[in-house]
Amino acid sequence: MTEQVTFTIDGQEITVPKGTLIIRAAEELGIIVPRFCDHPLLDPVGACRQCMVEIEGMPKPMMACTTTVMPDKAVKTHLTSELARKGQEGTLEFLLINHPLDCPMCDKGGECPLQDQALAHGSNASRFIDQKRRYDKPVAVSQQILLDRERCVLCARCTRFSEQISGDPFIELFERGALEQVAIYEDEPYESYFSGNVIQICPVGALTSTSYRFRARPFDVVTTPSVCDHCSAGCTLTVQSRRGEIQRQLARTNMAVNEAWNCDKGRFGFPHLTAATRITEPKLRDGDALVTASWTDVLRRIRSAVTAAREAGPGRIAVVTGSRLADEDAYAASKYARAVLGTDDVDHRTRFAPASERDELAGIVGRDTATYADVERAGVIVVAGLDPEEEVPILHLRLRKAWRNHQARIVVVGPHLGTLADLAWRHVVTAPGTEAAVLAQLAGDGPLDGSAGEVAEALREVDAPVVLVGERAGAGSISAAAALAAAGDGGVAYVPRRAGARGAIEAGLAAGLLPGGRRLDDADDRAAIEEHWGALPAERGRDLHAILTDAAAGRIDVLHLIGVDLARDAPSAELARAALAKVGTVIVQDLARTETVAGFADVVLPAAGRQERAGTTTNWEGRRQRFARAIDGPDLVQEDWEILVQIAAILGKDLGFSDLAALRAEVERVGRRATPHPLPTVDEVVPAVGTAADDDGAGVTVVARPLLLDHGTMLTGATDLLATARPATVALSPADAAAHDIAAGDLVEVAGANGSLTLPAVLAPDVLSGTVVVPTNSTDEPAGVLADRDGRLTATLTKVSSDAAEEVA
């Protein structure tokens, strides 16, 4: 049991755990001690000296942010101590000596702690008559952050965040004494996925955003709570708008999810809503062109196409949704496909998943899953098929927190370490797609050698390990991970990349999957859904690969795409483009004019963005969070579920809801299955261990991994943000590089079944020999051009030139 300490603050007695900082204890009593450098999620440093308190028996004032509580002591804050009050007033006077009078033009005006404290605790006159310090300003710390050095009070919040939280210590305090200032190394710009947080936690206007600078003031914006729509982390946001336009997005404190942080993609990635590529009105294809049409015209075209497809026979209609949809939209799409179109040919996954994954997805709905808190507490964390910093950045911060605060042992299972290279304790190397077999071995009792043996021993030593499985883990990985976690009484979680993926699973947006973790081939599950939807399709439908294969063969007449750019997102670009070209009517319901819209859409339906509507989203933990409408969208744009309601109506069907409240009520009535389906056994779904193919020294297996900042539709227009994107490279092992006479920085052509990518080479010792790693959507052509029609990524390497070697290296 933690030892308790009892003492008084301003005459009020309080008991707190030993080691508690006085400033935290005061907050429990509702007493706010003035501070600049203190932040509850950063290590105490005592840099600003503003939080002085008087402590009984101490010869001088003490810093409340660095001093821990002491038994039976009387602590007096500025509210009851003249000594503390005068000390704080003097500190403020010194801080303001060189602080410029920028308040009328400073972006921090109206929300500035220095302003507030100068008014509440400072003197009403200045004794300083000399010239203030001046610097050239602003200095571009990065493409997104500007630094006004004379405003800085040297609180070290930004440098501590970079070192302690994000692990990107590119911003530091330079010089000493009166010359001390925040700066960056000349040859190392501040490029971090989390850099925007230093703007938000800066207590003055020293660090400002290039996109928000001189745009608005806190008192003339409308503030709306929201949830980020870029990945499955579920970060809570504050959206601030002025005159109907978003000015900025900020991290909103939610200690259970994102604490007080968010990534730059969630903070700055909203200009797509007003970009030139935004779809703002319905369109119909007329020859080679898309022409503006009325909603009536596009709905009639859809009715004609669907009616003709039905007359042609069964199996002529399919729906692919992608994973950007809100939970309500996903539910409406699932019901629309089954109850209106009469098809189970539906998928939300933009990858070719094994058939067994349906049963694994059904099994995770309603099942206890690992959470952020579990990750933070775990002694051993196994990560398979997932690169957290690139896919779910806030999860990466939790992994780093566990590693930093209590030396959690992070184990990576897969062909490469990715961005976990600095955190990983052990790397259990396995060929792409065989992660499940390794996880199953770690859960077994048999002897293991090398890193696998050390990991198995560590798992037996700790309580409650956590296993995290990403989308790129091979067939059976969810079941194998669950068995591994269960062996140590730990937690397991499936961590998809996109924001709407978990909600799509809950809604049943996959062939054979029904809402609430139910299955189409289970009689009780069918009956439960038919009670609300009416008759369901008799047989399990096709997944994405089967849909595209049949479409390319001319066996699908209507393909309805909702929030997905198949021409770029599909694992096989050749198959996707062939399928889209062959389908009679391609209906695209999306935010922007994508490659699919421009080249293949016959009907275009403009959809509302996250900030333009209200809804619910489910993150990778299974945590549901609601978000509110922040701004109005363009006049002719509609919410995805509203569009589906209208299509159903013109087809003579009623989806059963006409407003968001009724839709949510139906979702609640349908609910989840009372008892989750059991996950398949490891023997049923886990393939044997394989190896990467490189028999002749020329062919390699390609691993395509996403980068956080890529060519995605929802990053259109975010120019400053994209300027900080990591370069697209091909990562290969030193052995493969030597075999192909490739040096770091050389331009290398990776040639696949139907195309090639030419990228600079990076030599990575953690990459499995015979395997190369390329980005999925960070070049003019997606990685899908390397794949054959089954999505197999195999390629040959050819050195193009050494021209880029010096620059890239």
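So, how was this worked out
- The residue numbers shown here count from 1 along each chain, following its written sequence.
- The predicted origin of the model limits local features to residues at a pLDDT of at least 70 and limits the giving and counting of side-chain atom pairs to 80 or more, whereas totals for whole chains, interfaces and linings rest on all residues.
- Derived side-chain values reflect all non-hydrogen atoms in the structure, with water molecules and hydrogen atoms excluded from consideration.
- For every residue, the accessible area (1.4 Å probe, protein chains only) is compared with the maximum for its type, and the residue is labelled buried under 20%, exposed over 50%, or partly exposed between those bounds.
- Put simply, DSSP marks the helices as runs of H or I at least four residues long and the strands as runs of E at least two long, and each gets a number from the N terminus on.
- By this definition, two strands are paired if DSSP reports at least two bridges between them.
- With the strands pointing away from the viewer, any crossover whose connection runs clockwise from the first strand over the helix to the second is right-handed.
- Axis angles are defined between N-to-C directions and span 0 to 180 degrees, where every axis is a line fitted to C-alpha atoms and, for a helix, only to the segment in contact.
- Under this scheme an angle from 65 to 115 degrees is roughly perpendicular, one under 35 degrees roughly parallel, and one over 145 degrees roughly antiparallel; angles in between are oblique.
- Here a crossing is taken to be left-handed if its near helix is turned anticlockwise relative to the far helix by less than a right angle, and right-handed if that turn runs clockwise.
- It only takes one pair of heavy atoms within 4.5 Å for two residues to be counted as in contact.
- What is meant by a nonpolar core is a set of buried Ala, Val, Leu, Ile, Met, Phe, Trp, Tyr and Cys residues, joined one to another through side-chain atoms within 4.5 Å.
- Each domain's limits were defined by an automated method or a database of domain assignments.
- The definition of a polar contact used here is a pair of N or O atoms within 3.5 Å, where within protein one atom must be able to donate a hydrogen and the other to accept one, and adjacent residues in sequence count solely through side-chain atom pairs.
- In this scheme Phe, Tyr and Trp rings, the latter by its six-membered ring, pair at centre separations within 6.5 Å, and the angle between planes marks the pair as stacked below 30 degrees, edge-to-face above 60, and tilted otherwise.
- The rule for a charge over a ring is simple: NZ of Lys or CZ of Arg within 6 Å of the ring centre, and within 35 degrees of the ring normal.
- Salt bridge, as used here, is a side-chain nitrogen of Lys or Arg placed within 4 Å of a carboxyl oxygen of Asp or Glu.
- For this classification, Asp, Glu, Lys and Arg are treated as charged, while Ala, Val, Leu, Ile, Met, Phe, Trp, Tyr, Cys and Pro are nonpolar and the rest, including Gly, are polar.

Draft legend 1. Representation of the pairing of strand β16 (residues 317-320) in the model. Going residue by residue along β16, you find I317 and V319 tucked away on one face and A318 and V320 tucked away on the opposite face as well. In terms of strand pairing, β16 meets strand β25 (residues 558-562) through four bridges, oriented parallel. Looking at the pairing, I317 lines up with V558 of β25. Here β16 runs beside strand β17 (residues 346-347); their pairing, made up of two bridges, is parallel. The residue bridging V319 from the neighbouring strand is V346, located in β17. Regarding the hand of the β-α-β motif, the stretch spanning β16, helix α8 (residues 327-340) and β17 is right-handed.

Draft legend 2. Spatial organisation of the packing of helix α18 (residues 544-552) against helix α20 (residues 573-582). Here α18 crosses α20 at 55°, and the two axes come no closer than 7 Å. Our classification of the angle between α18 and α20 gives oblique. Seen along the crossing, α18 lies across α20 with a hand that is left-handed. Residues H545, L548, T549, A551 and A552 of α18 touch α20, and the partners they reach there are L575, A576, A578, A579 and K582.

Draft legend 3. Geometry of the nonpolar core. F7, F161, W261, I381, L395, L468 and W620 are the most contacted members of the largest nonpolar core, which has 90 residues in total. Tallying contributions element by element places helix α12 (residues 393-406) first for this core, with five residues. When sequence neighbours within four positions are dropped, the list of residues in contact with F161 reads L42, S166, G167, Y190, F194, N197, V198, I201 and W261. In this structure, A330, L536, L651 and F657 belong to the second largest nonpolar core, which totals 47 residues.

Draft legend 4. Quick look at the environment of A276. Position of A276 among the secondary structure elements: in the loop between α6 (264-268) and β14 (283-286). When its relative accessible area of 85% is taken as the criterion, A276 is described as exposed. Taking the C-alpha atoms as reference points, A276 and R593, 317 residues apart in sequence, are found 8.9 Å from one another.

Draft legend 5. Examining the sheet that holds strand β20 (residues 424-429) more closely. Overall, parallel pairing links the five strands, which are arranged β20-β19-β18-β21-β22 in an open sheet. Both edges of this open sheet fall to β20 and β22 (491-495), since each of them pairs with a single strand only. The sheet shows a mean angle of 20° between the axes of neighbouring strands, taken without regard to direction. Inspection of the sheet shows strand β21 (residues 466-470) paired to β22 by five bridges, in the parallel sense. Residue V467 lies in a different strand from β22, and its bridge partner there is V492. With respect to the sheet, helix α15 (residues 477-487) is in contact with β18 (380-384), β21 and β22, its orientation differing from that of β21 by roughly 175°.

Draft legend 6. Region of the structure containing the side chain of S801. Topologically, S801 is positioned in strand β35 (residues 794-801). By relative accessible area, which is 16% here, S801 ends up buried. Not counting residues within four places of it along the chain, the set of residues in contact with S801 comprises D746 and L747.

Draft legend 7. Representation of the domain arrangement of the protein in the model. Once the domains are mapped, the protein shows domain 1 (4-97), domain 2 (283-360 + 501-670), domain 3 (371-489) and domain 4 (700-808). Taking the mean C-alpha position of each, domain 1 and domain 2 sit 57 Å from one another.

Draft legend 8. A look at the sheet that holds strand β10 (residues 207-209). On the basis of which strands lie adjacent, the open sheet formed by three strands has the order β6-β7-β10 and antiparallel pairing. Edge positions in the sheet fall to β6 (139-140) and β10, since each of these pairs with one other strand and no more. Direction of pairing for β6 relative to strand β7 (residues 145-147): antiparallel, over a ladder of two bridges. Paired with V139 across the strands is L147, a residue of β7.

Draft legend 9. Quick look at the environment of H677. Locating H677 in the fold gives a position in the loop between α23 (660-670) and α24 (682-685). Overall, the relative accessible area of 5% leaves H677 in the buried class. A polar contact of 2.6 Å, which involves the side chain of H677, links it to the side chain of D525.

Draft legend 10. Spotlight on the packing of aromatic side chains. Counted under the stated rule, the structure contains four aromatic pairs. Ring plane angle 70° and centroid distance 5.0 Å describe the contact between Y372 and W620, whose orientation is recorded as edge-to-face. With Y372 in helix α10 (residues 372-377) and W620 in the loop between β28 (615-618) and β29 (624-627), the pair connects residues that are 248 residues apart, well separated along the chain. Here Y372 and W620 have matching classes, each one buried. For the ring pair W641 and F657, a centre distance of 6.4 Å and an interplane angle of 65° mean the geometry is edge-to-face. On the criterion of sequence distance, the pair formed by W641 in helix α22 (residues 640-650) and F657 in the loop between α22 and α23 is long-range, its members being 16 residues apart. Residue W641 is classed as buried on the basis of its relative accessible area of 3%. Positioned above the aromatic ring of W425 is the side chain of R409, whose terminal nitrogen or guanidinium carbon lies 5.3 Å from the ring centre. Just above the ring of Y193 sits the side chain of R726; from NZ or CZ to the centre is 3.9 Å.

Draft legend 11. A look at the pattern of salt bridges. All told, the structure shown has 67 salt bridges when counted by the stated rule. Salt-bridge contacts for D788 lead to R792; the nearest nitrogen and oxygen are separated by 3.0 Å.

Draft legend 12. Up close: the packing of helix α2 (residues 82-97) against helix α3 (residues 113-121). At a minimum axis separation of 10 Å, α2 and α3 run at an interaxial angle of 135°. Overall, the two elements α2 and α3 adopt an arrangement that is oblique. Here α2 and α3 pass one another in a crossing that is left-handed. Touching Q88, E89, L92 and L96 of α2 are L114, Q117, A118 and H121, all from α3. When the residues that make up the contact of α2 with α3 are grouped by side-chain class, the tally is four nonpolar, three polar and one charged.

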